[in-house]
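# Fold and geometry: a report
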Amino acid sequence: MMRQAIDNYTLDKEKAPQSLQDLMNAHYLKEIPTDPFTRKKDWALLVDRVVFSQEQSSTGIVDVHSASGSVGSNGMAYSEW
């Protein structure tokens, strides 16, 4: 849900969101979801450059991951999912 909101915001606004609050203010999210692993609204944000064309780019949030330091049964950290 959050990744879709980030993508939709970025495409609609032609710029990446700078915060999760931006997604709420623009009505792409009703609220910031609780991370199921930390039970907090403490998501780790991946910020990067988004290129729309040679003339237009934006830096902002491109993805979210759990802020948990725990590791899943597959040996991969939740923060890498």
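Our subject is the structure that appears above.
In this text, all values refer to a predicted model and were calculated from it rather than measured experimentally.

## Points about the overall build of the protein
A tally of regular secondary structure across the protein gives 2 helices and 2 strands. Put simply, the protein runs from its N terminus to its C terminus through helices and strands in the order α-α-β-β. Seen along its three principal axes, the alpha-carbon backbone of the protein occupies a region of about 45 × 25 × 15 Å. In the protein, which comprises 81 residues, the share counted as buried stands at 32%. The contacts of the protein with a sequence gap of at least 6 include a subset with a gap of at least 24, amounting to 36%. Charge-centre separation for the protein: the mean point of 8 positive side chains lies 7 Å from the mean point of 11 negative side chains.

## Some thoughts on the pairing of strand 2 (residues 57-65)
Of the strand pairs in this sheet, strand 1 (residues 44-51) and strand 2 are connected by 8 bridges, and their pairing is antiparallel. Bridge pairing in strand 2 links Ala44 to His65. The loop that links strand 1 with its antiparallel partner strand 2 comprises 5 residues.

## A short note on a nonpolar patch on the surface
Residues Phe37, Met76 and Trp81 make up a contiguous nonpolar surface patch of roughly 280 Å² in combined accessible area. The topology assignment puts Phe37 in the loop between helix 2 (20-25) and strand 1.

## Quick word on helix 1 (residues 2-13)
If you check helix 1, its first and last C-alpha atoms are 16 Å apart, about what 12 residues at 1.5 Å a residue would give, namely 16 Å. Phi turns positive one or two residues past the end of helix 1, at Glu14, with a value near 55 degrees.

## A closer look at unusual backbone geometry
The phi dihedral of His27 is positive, around 65 degrees, even though this residue is not glycine. As for its position among the elements, His27 is in the loop between helix 2 and strand 1. Here His27 falls in the exposed class, since its relative accessible area comes to 72%. Backbone geometry at Arg39 places phi at a positive 60 degrees, although glycine is not the residue there. Along the polypeptide, Arg39 turns up in the loop between helix 2 and strand 1. By relative accessible area, Arg39 is classed as exposed at 69%.

The rules behind each value
Residues numbered from 1 in each chain as written. Predicted model: local features only at pLDDT ≥ 70, side-chain atom pairs only at ≥ 80, totals over all residues. Heavy atoms only, no water. Helix = DSSP H or I, 4+ residues; strand = E, 2+ residues; numbered from the N terminus. Buried < 20%, exposed > 50% of the residue type's maximum accessible area, 1.4 Å probe, protein only. Contact = heavy atoms within 4.5 Å. Lys, Arg positive; Asp, Glu negative; His and termini not counted. Charge placed at Lys NZ, Arg CZ, Asp CG, Glu CD. Pairing = 2+ DSSP bridges. Patch = residues over 30% accessible without salt bridge, like charges linked within 9 Å, V, L, I, M, F, W, Y side chains within 5 Å. Areas by Shrake-Rupley, 256 points an atom, 1.4 Å probe, with all protein chains shown as cover. Salt bridge = Lys/Arg side-chain N within 4 Å of Asp/Glu carboxyl O. Expected span 1.5 Å × (residues − 1).

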